[in-house]
Amino acid sequence: MIAITVELLEKIRAIEHAANLPTKQGMLQPTVEFLVALAKSLSNNLTRVTKTQAWQIWITAFEFEASRQEKNKHHAEIAFWFGVDPYRLSNDQFVGLFANLDRVKCQQRIENGNYDATDYEHVFNLYMLAYEDENRALQARSQAIRNLMDKGRK
């Protein structure tokens, strides 16, 4: 029996990379050479892995990794954006941070100037989502209109 571990996933990715697998509709297509290399890598003194078993392990590992990625993507976002260990949060705290994720992303876009400062409707919506303050959003929209007018004069 072969357990799916991070080490196994890394080993499979390394063999995939070395094999330079072709793709079809965005999906990797295993080749016989790849399956032989994978079977050889997975075999040890006690267990011999066939090409068919290697293919089954490859598919299972891919599906396992995809399901874990999907299950934990929100945890990864919370960890990145809020700098906290999401697994130490109560469900209430986690849901609260997740509910504010869009607000934090918008605040960072504003802080970094990562938006079109002349698109006054977008600026208004961005500020409303970021701060839920209509006066502040109206001021930002007015500034965006001035920016647009200044741009037209140049």
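Residues numbered from 1 in each chain as written. Predicted model: local features only at pLDDT ≥ 70, side-chain atom pairs only at ≥ 80, totals over all residues. Heavy atoms only, no water.

A. Region of interest: helix α3 (residues 51–82). A rise of 1.5 Å per residue sets the reference length of α3, with its 32 residues, at 46 Å; its end C-alpha atoms lie 45 Å apart and thus fit the reference within 8%. The sharpest bend along α3 measures roughly 50° and falls at asparagine 72. Buried within α3 we find Ala54, Ile57, Trp58, Ala61, His75 and Ile78. Those residues of α3 that are buried lie in contact with α1 (6–19), β2 (27–28), α2 (32–42) and α4 (91–99). (Helix = DSSP H or I, 4+ residues; strand = E, 2+ residues; numbered from the N terminus. Expected span 1.5 Å × (residues − 1). Bend = angle between axes of the 7 residues up to and from the residue. Buried < 20%, exposed > 50% of the residue type's maximum accessible area, 1.4 Å probe, protein only. Contact = heavy atoms within 4.5 Å.)

B. Looking closely at the packing of α1 against α2. Axis separation between α1 and α2 bottoms out at 10 Å; the angle between their running directions is 150°. Compared by their axis directions, α1 and α2 come out roughly antiparallel. Handedness of the crossing formed by α1 with α2: right-handed. Residue-level inspection shows Leu8, Lys11, Ile12, Ile15, Glu16 and Ala19 of α1 in contact with α2, the latter providing Phe34, Ala37, Leu38, Ser41 and Leu42. (Axes fitted to C-alpha atoms, helices over the stretch in contact; angles between N-to-C directions. Parallel < 35°, antiparallel > 145°, perpendicular 65-115°, else oblique. Left-handed = near helix turned anticlockwise from the far one by under 90°.)

C. Structural context of the side chain of glutamate 16. Relative to the helices and strands, glutamate 16 resides in helix α1. Exposure remark for glutamate 16: the relative accessible area of 10% places this residue in the buried category. Filtering out sequence-adjacent residues up to four positions away, glutamate 16 remains in contact with Leu21, Leu28, Phe34 and Trp58.

D. Region of interest: the packing of aromatic side chains. For the coordinates displayed, the defined rule picks out 4 aromatic pairs. Between the aromatic rings of phenylalanine 80 and tryptophan 81, the centroid separation amounts to 5.2 Å while the plane-to-plane angle is 90°, which identifies the pairing as edge-to-face. Judged by relative accessible area, phenylalanine 80 falls into the exposed class, the value being 63%. Taking relative accessible area as the criterion, tryptophan 81 reaches 25% and is therefore assigned partly exposed. Here the aromatic rings of tyrosine 127 and tyrosine 131 are separated by 5.8 Å at their centres, their planes lie at 50°, and the arrangement is tilted. Highlighted residues: tyrosine 127 and tyrosine 131, both in helix α6 (residues 120–131), separated by 4 residues, approximately one helical turn. For tyrosine 131, a relative accessible area of 23% corresponds to the partly exposed category. Put simply, the rings of Tyr115, Tyr127 and Tyr131 pair up and form one aromatic cluster. The lysine or arginine in question, arginine 136, covers the ring of tyrosine 131, its NZ or CZ lying 3.7 Å from the ring centre. Directly above the ring of phenylalanine 124 sits arginine 141, whose terminal nitrogen or CZ lies 4.9 Å from the centroid. (Phe/Tyr/Trp six-rings, centres within 6.5 Å; stacked < 30°, edge-to-face > 60°. Lys NZ or Arg CZ within 6 Å of the ring centre and 35° of its normal.)

E. Representation of the packing of α3 against helix α5 (residues 101–112) in the model. At a minimum axis distance of 11 Å, the contact between α3 and α5 shows a crossing angle of 40°. Compared by their axis directions, α3 and α5 come out oblique. Relative to α5, α3 is oriented so that their crossing is left-handed. Packed against α3, whose contacting residues are Glu77, Trp81 and Phe82, the element α5 presents Leu101, Val104, Lys105 and Gln108 at the interface. Of the residues contributing to the contact of α3 with α5, the split by class is 4 nonpolar, 1 polar and 2 charged. (Nonpolar A, V, L, I, M, F, W, Y, C, P; charged D, E, K, R; others polar.)

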